Amino acid sequence: MSTPSAPDAEQAYRHLRVEQEGSALVVTIDRPKALNALAGELVDELQDVLARAGAALADGWPFRAVILTGAGGKAFVAGADIREMSAMSPDEAQEYSRRMHRLTLDLERLPVPVVAAVDGYALGGGCELALACDVVFASEAARFGQPEVSLGLVPGFGGSVRLQQRVGPGMARELIFTGRRIDAAEALRIGLVNRVLADRESLLEAARETVELIARQAPTAVANAKLTLGAVAALPTEDGLAVEAASFRDAFTTDDSRAGRAAFLAKETPSFPGR
Ligand code: CAA
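Residues numbered from 1 in each chain as written. Predicted model: local features only at pLDDT ≥ 70, side-chain atom pairs only at ≥ 80, totals over all residues. Heavy atoms only, no water.

Observations concerning the site of the ligand
Turning to step 1, where the next piece is worked out: In the vicinity of the ligand lie 24 residues, with Lys74, Ala80, Gly125, Glu128 and Glu148 positioned nearest.
Turning to step 2, where the next piece is worked out: Between the ligand and Ala78, the relevant distance is 2.9 Å, taken from a nitrogen atom to a main-chain nitrogen or oxygen of the residue.
Turning to step 3, where the next piece is worked out: A distance of 2.8 Å separates an oxygen atom of the ligand from a polar backbone atom of Gly125.
Turning to step 4, where the next piece is worked out: When residues of the shell around the ligand are traced back to their parent elements, those giving at least two are α2 (82-85), β6 (121-123) and α4 (125-131).
Turning to step 5, where the next piece is worked out: A total of three residues in the shell around the ligand trace back to one element, the largest contributor, which is α2. (Near = heavy atom within 4 Å. Polar contact = N/O pair within 3.5 Å; in protein donor to acceptor, adjacent residues only side chain to side chain. Helix = DSSP H or I, 4+ residues; strand = E, 2+ residues; numbered from the N terminus.)

Pasting the structure below:
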């Protein structure tokens, strides 16, 4: 059986860098001249990376989490590409929104966690891209916001749904109605980010350390937990609990859970087969 590899072994992208670092697949959005704004071509490239990542993971566990970050030192992503949007018809805008929805849903369906490492601006579609990640770490230089109303627009890349889920309806309304930009400390306080690190270096180090911690756990259990958390998020309590019970059952069908339970009883460190 061939060893599964990270999705980018030979693939070159115009606006992305994709590298394997330890257990992490690091995807860097690299369009700094436009502050990493989500041009259509960039969205297609991200979609391609996710498709390749999903295929590689179906064969094994060549990496155990994705780190998504932005290049250039000024921005994670400064939003949808306003230049491209200026020529869009309403129907084209709807299709653009749907494309980003597919991308964010694919991020959520990936069977490994995705850590957003935000350094600089995460505005509009950039904030929405971070919101589709499982975990958001930020540097002190990070700035978040949903400034769409200042352009006469509304959030189109999932913010109407995911910002409320992350920070609650009142705060989501305030941020969307005012377009106000918030700093990393406020983003931490309202639960938009998990952690704030001093600078880019410590940001990426914290992301990598988190991925290595994830890599020590059972791959199928992390995947099961991620998909279960996503599936129950919008369900009433009893329906959510029913999904959880089924996921708990599924965990008992895996070799990973057999290995994990046996290792505990033998007072050994588990070695997970990943199935
Ligand atoms: N789209 C296209 N180009 C962008 C961009 C964007 N979202 N954000 C920045 N750029 C470009 C600028 O046009 C500029 O290009 P030029 O050098 O060719 O003029 C370059 O990036 C550098 O930007 P600035 O000179 O503006 O840099 P600054 O430091 O003065 O300001 C900023 C930084 C505050 C982030 C400012 O660039 C800005 O406000 N950007 C737009 C942010 C925004 O409104 N995002 C939401 C977009 S709408 C959206 O995302 C809808 C949705 O939900 C799907």
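Next comes the rest of the description.
Looking at the sheet that holds β6
Turning to step 1, where the next piece is worked out: Across the sheet, which stays open at both edges, the four strands sit in the order β4-β6-β8-β9 with mixed pairing between neighbours. In the strand order of this sheet, the two ends are held by β4 (75-77) and β9 (182-183), each with one partner.
Turning to step 2, where the next piece is worked out: Bridge count for β6 against strand β8 (residues 143-145) is three bridges, and the pairing is parallel. By the bridge assignment, Tyr121 is partnered in β8 with Arg143. (Pairing = 2+ DSSP bridges.)

Things to note about unusual backbone geometry
Turning to step 1, where the next piece is worked out: Phi is positive for Asn36, which is not a glycine, with a value near 65 degrees.
Turning to step 2, where the next piece is worked out: If you trace the backbone, Asn36 turns up in the loop between β2 (24-29) and α1 (40-59).
Turning to step 3, where the next piece is worked out: Of note in this structure, Lys267 is not a glycine but carries a positive phi near 55 degrees.
Turning to step 4, where the next piece is worked out: Structurally, Lys267 is set in the segment after α11 (255-265).
Turning to step 5, where the next piece is worked out: Taking relative accessible area as the criterion, Lys267 reaches 78% and is therefore assigned exposed. (Buried < 20%, exposed > 50% of the residue type's maximum accessible area, 1.4 Å probe, protein only.)

Remarks on the packing of aromatic side chains
Turning to step 1, where the next piece is worked out: Summed over the entire model, instances satisfying the criterion amount to two aromatic pairs.
Turning to step 2, where the next piece is worked out: Ring centres of Tyr96 and Phe157 lie 5.1 Å apart, and the angle between their planes is 85 degrees; on these two criteria the pair is classed as edge-to-face. A residue pair is termed long-range when its members are at least 10 positions apart, and Tyr96 in helix α3 (residues 90-109) and Phe157 in the loop between β8 and α5 (159-167) qualify at 61 residues.
Turning to step 3, where the next piece is worked out: Judged by relative accessible area, which is 5%, Tyr96 ranks as buried.
Turning to step 4, where the next piece is worked out: Ring centres 5.1 Å apart and planes at 65 degrees place the aromatic pair Phe248 and Phe252 in the edge-to-face group. (Phe/Tyr/Trp six-rings, centres within 6.5 Å; stacked < 30°, edge-to-face > 60°.)

Some thoughts on the pairing of strand β7 (residues 135-139)
For a regular strand, the rule is simple: side chains alternate between the two faces of the sheet.
Turning to step 1, where the next piece is worked out: Along β7, five of the five residues are buried, which leaves the element largely enclosed by surrounding structure.
Turning to step 2, where the next piece is worked out: Here β7 shows no split at all, with Val135, Phe137 and Ser139 on one side and Val136 and Ala138 on the other all buried.
Turning to step 3, where the next piece is worked out: Where strand β5 (residues 114-118) lies against β7, four bridges are found, and the strand directions are parallel. If you follow Val118 over to β7, its bridge partner there is Ala138.
Turning to step 4, where the next piece is worked out: Pairing between β7 and strand β10 (residues 195-197): three bridges, direction parallel. The residue bridging Phe137 from the neighbouring strand is Arg195, located in β10.

Observations regarding the side chain of Glu148
Turning to step 1, where the next piece is worked out: Turning to its location among the elements, Glu148 is positioned in the loop between β8 and α5.
Turning to step 2, where the next piece is worked out: One buried charge, Glu148, has no salt-bridge partner; the nearest side chain with opposite charge is Arg181, at 11 Å.
Turning to step 3, where the next piece is worked out: Apart from residues lying up to four places away in sequence, Glu148 is in contact with Gly124, Gly125, Glu128, Leu153, Val154 and Pro155. (Lys, Arg positive; Asp, Glu negative; His and termini not counted. Salt bridge = Lys/Arg side-chain N within 4 Å of Asp/Glu carboxyl O. Contact = heavy atoms within 4.5 Å.)

Thoughts on the pattern of salt bridges
Turning to step 1, where the next piece is worked out: Throughout the structure, instances matching the rule amount to 17 salt bridges.
Turning to step 2, where the next piece is worked out: When the shortest N-O distance is used, the salt bridge between Glu95 and Arg102 registers 3.0 Å.
Turning to step 3, where the next piece is worked out: Overall, the relative accessible area of 35% leaves Glu95 in the partly exposed class.
Turning to step 4, where the next piece is worked out: Residue classification places Arg102 among the partly exposed positions, given a relative accessible area of 42%.
Turning to step 5, where the next piece is worked out: The residue Arg162 makes a salt bridge to Glu108 at a minimum N-O spacing of 2.6 Å. In this pair, Arg162 sits in helix α5 while Glu108 sits in helix α3, placing the two residues 54 residues apart along the sequence.

Describing a nonpolar patch on the surface
Turning to step 1, where the next piece is worked out: Together, Ile82, Leu151 and Leu153 make up an exposed nonpolar region whose accessible area comes to about 260 Å².
Turning to step 2, where the next piece is worked out: Mapped onto the elements of the fold, Leu153 is located in the loop between β8 and α5. (Patch = residues over 30% accessible without salt bridge, like charges linked within 9 Å, V, L, I, M, F, W, Y side chains within 5 Å. Areas by Shrake-Rupley, 256 points an atom, 1.4 Å probe, with all protein chains shown as cover.)

What to know about the sheet that holds strand β3 (residues 65-70)
Turning to step 1, where the next piece is worked out: Across the sheet, six strands lie side by side as β1-β2-β3-β5-β7-β10; this open sheet has mixed pairing. Every interior strand has two partners, whereas the edge strands, β1 (16-21) and β10, have only one. The mean angle between the axes of side-by-side strands here comes to 20 degrees, regardless of whether they run parallel or antiparallel. (Axes fitted to C-alpha atoms, helices over the stretch in contact; angles between N-to-C directions.)

Some thoughts on α3
Turning to step 1, where the next piece is worked out: Taking 1.5 Å per residue as the helical rise, α3 with its 20 residues ought to reach 28 Å, and the 28 Å between its terminal C-alpha atoms agrees with that figure.
Turning to step 2, where the next piece is worked out: Along α3, the positions that sit buried rather than exposed are Tyr96, Ser97, Met100, Leu103, Thr104 and Leu107. One side of α3 holds all its buried residues, which, seen down the axis, span an arc of 120 degrees. Exposed and oriented more than 90 degrees from the buried face of α3 are Asp91 and Arg109. (Expected span 1.5 Å × (residues − 1). Arc of directions from axis to C-beta.)

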